[in-house]
Amino acid sequence: MDLLAAHGRALDVFDVAVHTAGPADWARATPCTSWSVHDLVNHLVTEQRWVPHLLAGATLDEVGTRYDGDQLGSDPIAAWEEAAAAARSAWLEPGALRRTVHVSFGLVPAEEYGWQMTLDLAVHGWDLATALGAPNPVPADLAARLLDVLRPMIDDWQGLGLFDPPVAVGRTAPAPARLVALLGRHPH
């Protein structure tokens, strides 16, 4: 599975979870400490809104604070749909994966940034589904691919405050459980 296919699948994982949220769900707690469903979806909407700018070569300073604060407004699902469509369109532009992107820790290849965004969509899709009482929505083949591609990076990210320490799971645990456990979530 290449990056664009994996990204599309991860985007769908989060999209399905967002569309599961009802009016009474936005204040629910999530596995992300101190984030409600509203906060989690706002985080993903904000991330998606950054994508077109970063893939177009903008620096963090150029994007600035325009996406600080609440991005969901009165229609969180519509905000998600708009942001997700714009981000996906930017990823699908010819040559997008061959670009260099400004991120908080410097310049990285767009493909590396894409895998990071794909991981974030998948794991936060799990977070959101868990908050809403739904089963793990991350397909096994997507989780396995993310583990293959990102495991070395995830090991480097430990201790940076991006994720909680890994949670132990058995060797025979399915790939989706191993993925979320590696990122500090309790898969059961």
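Each remark here, short or long, concerns the structure printed above.
In what follows, the accompanying structure is described.

Brief notes about the pattern of salt bridges
The full count for this structure, using the stated rule, is 5 salt bridges. Among the ionic pairs, R28 bridges to D25, the shortest N-O distance being 2.8 Å. On the basis of relative accessibility, which here comes to 13%, the residue D25 falls in the buried class. Notably, a salt bridge pairs R49 with E82, separated by 2.7 Å at the nearest N-O pair. Placement of the pair is R49 in helix α2 (residues 37–55) and E82 in helix α4 (residues 76–92), with a sequence separation of 33 residues. Looking at R49, the relative accessible area reads 17%, which means it is buried. Taking the relative accessible area as the measure of exposure, E82 reaches 41% and is therefore partly exposed.

A word on the environment of H7
By secondary structure assignment, the location of H7 is in helix α1 (residues 3–20). Once residues within four sequence positions are removed from consideration, H7 is found in contact with R88, W91, T118 and L121.

A few points about the packing of aromatic side chains
All chains considered together, the criterion is met by 2 aromatic pairs. Between W91 and Y113, the aromatic rings sit 5.4 Å apart at their centres with planes inclined by 35°, giving tilted as the arrangement. Of the two residues, W91 sits in helix α4 while Y113 sits in helix α5 (residues 110–131), which places them 22 residues apart along the sequence. The pair formed by W91 and Y113 is uniform in burial state, with each residue classed as buried.

Remarks on the pairing of strand β1 (residues 100–103)
Two faces, one strand: in a regular strand the side chains alternate between the faces of the sheet. Of the two faces of β1, the one lined by V101 and V103 is fully buried and the one lined by T100 and H102 carries no buried residue. One ladder, built from 4 bridges, connects β1 with strand β2 (residues 106–109); its direction is antiparallel. Note on β2: the bridge partner recorded for H102 is L107. Taken together, β1 and the strand that follows it, β2, pair antiparallel across an intervening segment of 2 residues.

About the criteria used
- Residues numbered from 1 in each chain as written.
- Predicted model: local features only at pLDDT ≥ 70, side-chain atom pairs only at ≥ 80, totals over all residues.
- Heavy atoms only, no water.
- Salt bridge = Lys/Arg side-chain N within 4 Å of Asp/Glu carboxyl O.
- Buried < 20%, exposed > 50% of the residue type's maximum accessible area, 1.4 Å probe, protein only.
- Helix = DSSP H or I, 4+ residues; strand = E, 2+ residues; numbered from the N terminus.
- Contact = heavy atoms within 4.5 Å.
- Phe/Tyr/Trp six-rings, centres within 6.5 Å; stacked < 30°, edge-to-face > 60°.
- Pairing = 2+ DSSP bridges.

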